[in-house]
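Chain by chain, the residues run as shown.
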Amino acid sequence: MEMNATYNSFVAVGDSFTEGMSDLLPDGSYRGWADLLAARLAARTDGFRYANLAVRGKLIGQILDEQVDLAAAMKADVVTLVGGLNDTLRPGCDMGRVRGLLEESVERLAPSCGQLVLMRSPGRNGPVMERFRPRMEQLFAHIDALAARHGALVVDLYGAEVLADQRMWDVDRLHLTGEGHRRVAEAVWQVLGLGAEEDWRAPLPPAVPPRWGARRVGDVRFARQHLGPWIGRRLTGRSSGDGRPAKRPELLPWEVPPAPDTTPGSAP
């Protein structure tokens, strides 16, 4: 890639990872790596435009049906596509079908944009990850093959040891913290051929192991607040994204979001 290339527009396609969970802002909304990347690109280019079509909980078939054609029609300089990981976490996942839907998504997006960017998503260390690792690695091998065939770039987050560190993950154990999203934004920035501002792979300081009691309390809280509702949605065929619109559905000029009002007496 050309160093310091100019990009005038960016469209992000995907699920909760691209929506920005769990990089929580004071007003209760999510920011995330795509917003951070857009802000940095906008600082370099007047009139920069950005759309984020991602919605939490979406499977690759839903991403294809609801987001891909919209993104293709926007003809942006950069399009990022991250999808399929939610499928790998479902019981009875048909990996052949997932690969086919992902391939169709890439075939529609690649000719319509200046540069398509795909990702090997990060994976948190732990027993749950080990259960789904074979499916994830099948997905990532397919992503590598699609990228080679269609001239897409691949951001290898899966290969970054620091993003597997449990401290990079929110209490729901499914989404990156704000620091994790910041590092992903830097990783995409560098893959796009822009000058590195930091080593996004740099390890965190040595961790102090939590006490046994603190771990058990955390496990119980996780099961009650996150695992139980997730299982409930799987059993009833519901999704956390049902009825939720895209966070930024139109390709519009980037504007810095207003700072929250912190004056005394302001509404929460």
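What counts as what
- Residues numbered from 1 in each chain as written.
- Predicted model: local features only at pLDDT ≥ 70, side-chain atom pairs only at ≥ 80, totals over all residues.
- Heavy atoms only, no water.
- Helix = DSSP H or I, 4+ residues; strand = E, 2+ residues; numbered from the N terminus.
- Buried < 20%, exposed > 50% of the residue type's maximum accessible area, 1.4 Å probe, protein only.
- Polar contact = N/O pair within 3.5 Å; in protein donor to acceptor, adjacent residues only side chain to side chain.
- Expected span 1.5 Å × (residues − 1).
- Bend = angle between axes of the 7 residues up to and from the residue.
- Contact = heavy atoms within 4.5 Å.
- pLDDT = per-residue confidence, 0-100.
- Phe/Tyr/Trp six-rings, centres within 6.5 Å; stacked < 30°, edge-to-face > 60°.
- Lys NZ or Arg CZ within 6 Å of the ring centre and 35° of its normal.
- Salt bridge = Lys/Arg side-chain N within 4 Å of Asp/Glu carboxyl O.

**Q** Now, about the side chain of Arg56: what can you tell me, with residues and values included?
**A** With respect to the helices, strands and loops of the structure, Arg56 is situated in the loop between β2 (49-52) and α3 (60-74). The buried category is assigned to Arg56, whose relative accessible area is 11%. Polar side-chain contacts of Arg56 include one of 2.5 Å to the side chain of Glu19.

**Q** Tell me what's going on with the environment of Gly47, and back it up with residues and numbers.
**A** Within the secondary structure layout, Gly47 lies in the loop between α2 (33-42) and β2. Take Gly47: its relative accessible area is 57%, and that puts it in the exposed class.

**Q** Please provide a residue-by-residue account of α3, values included.
**A** Over its 15 residues, α3 runs 20 Å from end to end, which matches the ideal 21 Å to within 8%, given 1.5 Å per residue. Taking the largest bend as the criterion, α3 deviates by roughly 45 degrees, centred on Gln67. Burial in α3 covers these residues: Ile60, Gly61, Ile63, Leu64, Gln67, Val68, Ala71, Ala72 and Met74. Close packing links the buried residues of α3 with β1 (9-14), β2, β3 (78-82), α4 (85-88), α5 (95-109) and β6 (248-253).

**Q** Tell me about the confidence of the model for the protein, and name the residues and values.
**A** With 81% of its residues at a pLDDT of 70 or more, the protein has an overall mean of 87. Low confidence marks residues 258-268, where pLDDT is under 50. Its contacts with residues over four positions away, or in another chain, come to 2 contacts.

**Q** Give a description of the environment of Arg183 that names residues and reports values.
**A** By the secondary structure assignment, Arg183 is in helix α7 (residues 178-191). Taking relative accessible area as the criterion, Arg183 reaches 7% and is therefore assigned buried. Taking C-alpha positions, Arg183 is 8.6 Å from Leu163, a pair spaced 20 residues apart along the chain. What Arg183 contacts, discounting residues up to four positions off in sequence, is Val162, Leu163, Met168, Asp199, Trp200, Arg201, Ala202 and Leu204.

**Q** Describe the environment of Ile143, naming the residues involved and giving the relevant values.
**A** Assignment of secondary structure puts Ile143 in helix α6 (residues 127-150). Separated by 24 residues in sequence, Ile143 and Met119 have C-alpha atoms that sit 7.5 Å apart. If near-sequence neighbours (up to four positions away) are discounted, Ile143 is found in contact with Leu102, Leu118, Met119 and Val154.

**Q** Please give an account of the packing of aromatic side chains that cites residues and values.
**A** Scanning all chains against the criterion turns up 4 aromatic pairs. Judged by centre distance (5.3 Å) and plane angle (25 degrees), the rings of Phe10 and Tyr50 are stacked. Remark: Tyr50 occurs in strand β2 and Phe10 occurs in strand β1; sequence separation between them is 40 residues. With a relative accessible area of 0%, Tyr50 lands in the buried category. Ring centres of Tyr50 and Trp254 lie 5.7 Å apart, and the angle between their planes is 55 degrees; on these two criteria the pair is classed as tilted. You can see Tyr50 sitting in strand β2 and its partner Trp254 sitting in the segment after β6, a full 204 residues away along the chain. A residue is classified by how much of its surface remains accessible, and Trp254, at 18% relative accessible area, is buried. Grouped by ring-pair contacts, the aromatic residues Phe10, Tyr50 and Trp254 constitute a single cluster. One Lys or Arg, Arg40, reaches over the ring of Trp189 and ends 4.1 Å from the middle of that ring.

**Q** Lay out the pattern of salt bridges with the relevant residues and their values.
**A** Summed over the entire model, instances satisfying the criterion amount to 15 salt bridges. Where Arg120 meets Asp144, a salt bridge forms, and the shortest distance between an N and an O atom there is 2.9 Å. Of the two residues, Arg120 sits in strand β4 (residues 115-120) while Asp144 sits in helix α6, which places them 24 residues apart along the sequence. On the basis of relative accessible area, Arg120 is assigned to the buried category, the value being 17%. A single network of salt bridges, built from pairs that share partners, joins Glu179, Arg182, Arg183 and Glu198.

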